[in-house]
Amino acid sequence: MQPLATNTPIAVIGAGAMGSGIAQVAAQAGHQVFLLDQREGAAHAGRQSVAKQLQRRVDKGKMEQSALDALLDRIQPISELSELADAGLVIEAIVEDLNIKRSLLADLESVCTEKAILATNTSSISVTALGANMAHPERLVGMHFFNPAPLMALVEVIKGLATSDEVAQIVYATAAAWGKKPVTATSTPGFIVNRVARPFYAESLRLLQEQTADSATLDALLREAGSFRMGPFELTDLIGHDVNYAVTASVFNSYYQDTRFLPSLVQKELVEAGRLGRKSGQGFYSYAEGAQKPEPATAEAASCNADTLVIEGNPGPLAALVKRLSDSGLKVIERDGPGRLCFGDAVLALTDGRMATERASAEACNNLILLDLAFDYAKASRLAITAAEQAPAQAVNDACALLQKAGMAVSHIADRPGLVVMRTVATLANEAADAALHGVASISDIDLAMKAGLNYPEGPLRWSDNLGFRLLHTVLTHIQQSYGEDRYRPALLLRKNRFAEQGFYS
Ligand code: NAI
């Protein structure tokens, strides 16, 4: 399908944070853009904010002044709906309220041409519900940009029950022509990103509540071992706890209180306290002048006499860690076994979702130390370990000493199922697999959305494949057994892959 031609005028309604950004994106692509806001002066202010943003690029020599002037000429603040009658695509980015948006769409149907496409930037309202009272709901589509719209590549193109394929395809092609990475999703609560990302926040909040480690340590682990751009606590401090909590509560209620989306009491308390994050000066961290961010907990090994790493069997995803250790000059020998590493008094294994204490008992191995997942063991600068309750202190010490030889900082956390990165990735992949099963979007679009919308280092389903078709299903099954909770039930597609011995992409 062809995108809208650049000589098609675009209208953006609502000139707040999102509307101004969307106007900039459309104008940058060469369209004439009408910008309307009900608040007096807001459309002009929106255009000004575009000018201010882009002036920085001009000042840095990254954009010609003449190009900026021409772009600004293409953004035309208007004050009456009738002035956008020629628009081929109208994108509404007004207040997030079903009835107000419905009323605007009714007005738009009366002023726009029959061919005009109407798009909504809603992040939480059903596109189907928005179209319900329209004369022509087939021309309504979700065009969900991410904040800030000029910088974030992802656009979720949302199909309501009545949205025509042609309209969705034109909007998809147009978003691509505007330099965005579009994905297609059905109109389900949270669409792709706001649904699949829930465990990223929820599992860390739960780990914090369970006294597994402090927020700085959990953040550092997800950044330094998980390769996520930001940890969940610093990220929710940035998003605002009121906003993040409201999205979680909305998705939770929309899915009829499925415990997979259960909101966190820890976050609720922050909201109740007015500790909304950066914007209020305090969230998980203090943003007062001069406040220092707390350091993550890092274990220090005492002396360790061991000089040989023994690999028992196939180390699986830990192979890259073994190589890193061997490259650091450590003597490595191999023998048969269940896929464990032995160093001094420590027996190390990748977590399979059981607590170390439970697994040590099952495997009759008191010295068991479990390692967390790293996105790339060759590069991770920090890794979490946890020890069985019955493990002697020397085993913990020797595990720390080993990882320090590889140049990693070690965070010794309390013994909880799945540690931190493994548990996060397993629950993200689980949610992504469920979204795929329910036809929310294709496997590749779900992965693309999580990478382009949230800068995840890898799409959760590709990540699952990279770990082998069995691992995350096993991890989730064990976490579910540990808690006895439905929340961790493995998604059907993960289970199917495990028995078909195949991945999502193979
Ligand atoms: P905002 O509050 O910054 O801007 C909304 C603007 O719409 C205001 O300037 C307001 O005066 C105007 N407005 C309200 N009712 C209007 C009406 N009936 N006609 C014309 N103008 C009207 O809000 P923001 O953050 O830009 O969000 C706008 C929409 O985008 C919402 O639907 C929101 O859910 C969605 N969204 C927001 C994201 C975000 O991170 N802020 C991300 C993605 C979507």
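Please refer to the structure higher up on the page.
Residues numbered from 1 in each chain as written. Predicted model: local features only at pLDDT ≥ 70, side-chain atom pairs only at ≥ 80, totals over all residues. Heavy atoms only, no water.

Helix length check: helix α11 (residues 241–254), at 14 residues, gives a terminal C-alpha distance of 19 Å against a target of 20 Å (1.5 Å per residue), a fit within 8%. Among the residues making up α11, those that are buried are His241, Asn244, Tyr245, Thr248, Ala249, Val251 and Phe252. Viewed end-on, α11 has its buried residues packed into an arc of 165°, placing them on one side of the element. Buried residues in α11 make contact with α7 (193–196), α8 (198–209), α10 (232–239) and α12 (265–273). (Helix = DSSP H or I, 4+ residues; strand = E, 2+ residues; numbered from the N terminus. Expected span 1.5 Å × (residues − 1). Buried < 20%, exposed > 50% of the residue type's maximum accessible area, 1.4 Å probe, protein only. Arc of directions from axis to C-beta. Contact = heavy atoms within 4.5 Å.)

Bringing the pairing of strand β13 (residues 368–371) into the picture now. The alternating pattern of β13 places Leu368 and Leu370 and Ile369 and Leu371 on opposite faces, both of which are buried. With 4 bridges joining them, strand β12 (residues 346–350) and β13 adopt parallel strand pairing. Bridge assignment links Leu350 to a residue of β13, and that residue is Leu371. Taken together, β12, helix α14 (residues 356–362) and β13 constitute a β-α-β crossover, and its handedness is right-handed. Inspection of the sheet shows β13 paired to strand β14 (residues 382–387) by 3 bridges, in the antiparallel sense. Along β14, the bridge assignment pairs Leu371 with Ile385. (Pairing = 2+ DSSP bridges. Right-handed = clockwise from strand over helix to strand, strands pointing away.)

What follows deals with unusual backbone geometry. Looking along the chain, the bond that leaves Asn147 and enters Pro148 is cis, with omega of -5°. With respect to the helices and strands, Pro148 occurs in the loop between β6 (140–145) and β7 (154–159). Positioned with a positive phi, Tyr256 is a non-glycine residue whose angle comes to about 50°. Relative to the helices and strands, Tyr256 is located in the loop between α11 and α12. Taking relative accessible area as the criterion, Tyr256 reaches 74% and is therefore assigned exposed. For Ala364, which is not a glycine, the phi torsion comes out positive at approximately 50°.

What follows deals with the packing of aromatic side chains. How two aromatic rings sit relative to each other is given by the distance of their centres and the angle of their planes. With the rule as written, the count across this model stands at 9 aromatic pairs. On the basis of an interplanar angle of 80° and a centroid distance of 5.7 Å, the ring pair of Phe200 and Tyr201 is categorised as edge-to-face. Summarising the aromatic geometry, the rings of Phe200 and Phe228 are spaced 4.8 Å apart at their centres and angled 45° between planes, so their arrangement reads as tilted. Taken together, the residues Phe200 in helix α8 and Phe228 in the loop between α9 (215–224) and α10 connect sequence positions 28 residues apart. Every member of this aromatic cluster is reached through a ring pair, and the members are Phe200, Tyr201, Phe228, Phe375, Tyr456 and Trp463. Over the ring of Tyr483 we find Arg206; its NZ or CZ atom is 4.5 Å from the centre of that ring. The positively charged end of Lys293 is found above the aromatic ring belonging to Tyr285, 4.7 Å away from the centroid. (Phe/Tyr/Trp six-rings, centres within 6.5 Å; stacked < 30°, edge-to-face > 60°. Lys NZ or Arg CZ within 6 Å of the ring centre and 35° of its normal.)

On to the nonpolar core. By size, the foremost hydrophobic cluster in this structure holds 126 residues, and its most contacted members are Leu84, Leu108 and Ile192. Tallying contributions element by element places helix α16 (residues 421–437) first for this core, with 10 residues. Apart from the residues within four sequence positions on either side, Leu84 is in contact with Ala11, Ile13, Phe34, Ile78, Val90, Leu108, Val111 and Cys112. Residues Met18, Ala43, Val50 and Val167 belong to the second largest nonpolar core, which totals 39 residues. (Core = buried A, V, L, I, M, F, W, Y, C linked by side-chain atoms within 4.5 Å.)

The next subject is helix α3 (residues 65–74). Along α3, the residues classified as buried are Leu68, Leu71 and Leu72. Mapping the buried residues of α3 onto a view down its axis gives an arc of 95°, with all of them on the same face. Along α3, exposed side chains directed more than 90 degrees from the buried face belong to Ser66 and Asp73. Residues of α3 that are buried make contact with α1 (17–28), α2 (42–59) and β3 (75–78).

Turning our attention to the site of the ligand. What surrounds the ligand is a group of 20 residues, the closest being Met18, Asp37, Glu96, Lys101 and Asn121. For the ligand, an oxygen atom lies 2.5 Å from a polar atom in the side chain of Glu96. In this structure, Lys101 approaches the ligand through a side-chain N or O atom, which is 2.8 Å from an oxygen atom. Here the ligand loses 75% of its free accessible area of 830 Å² to cover by the protein chains. Sorting the residues of the shell around the ligand by element identifies α1, α4 (98–111) and β6 as the ones contributing at least two each. (Near = heavy atom within 4 Å. Polar contact = N/O pair within 3.5 Å; in protein donor to acceptor, adjacent residues only side chain to side chain. Areas by Shrake-Rupley, 256 points an atom, 1.4 Å probe, with all protein chains shown as cover.)

Positionally, Met134 belongs in the loop between α5 (127–131) and β6. A relative accessible area of 9% means that Met134 is categorised as buried. For the pair Met134 and Val421, spaced 287 residues apart in sequence, the C-alpha separation works out to 45 Å. When neighbours within four sequence positions are excluded, Met134 is seen to be in contact with Leu105, Glu109, Leu118, Arg139 and Leu140.

Such coordinate-based values are descriptive only and should not be taken to indicate function.
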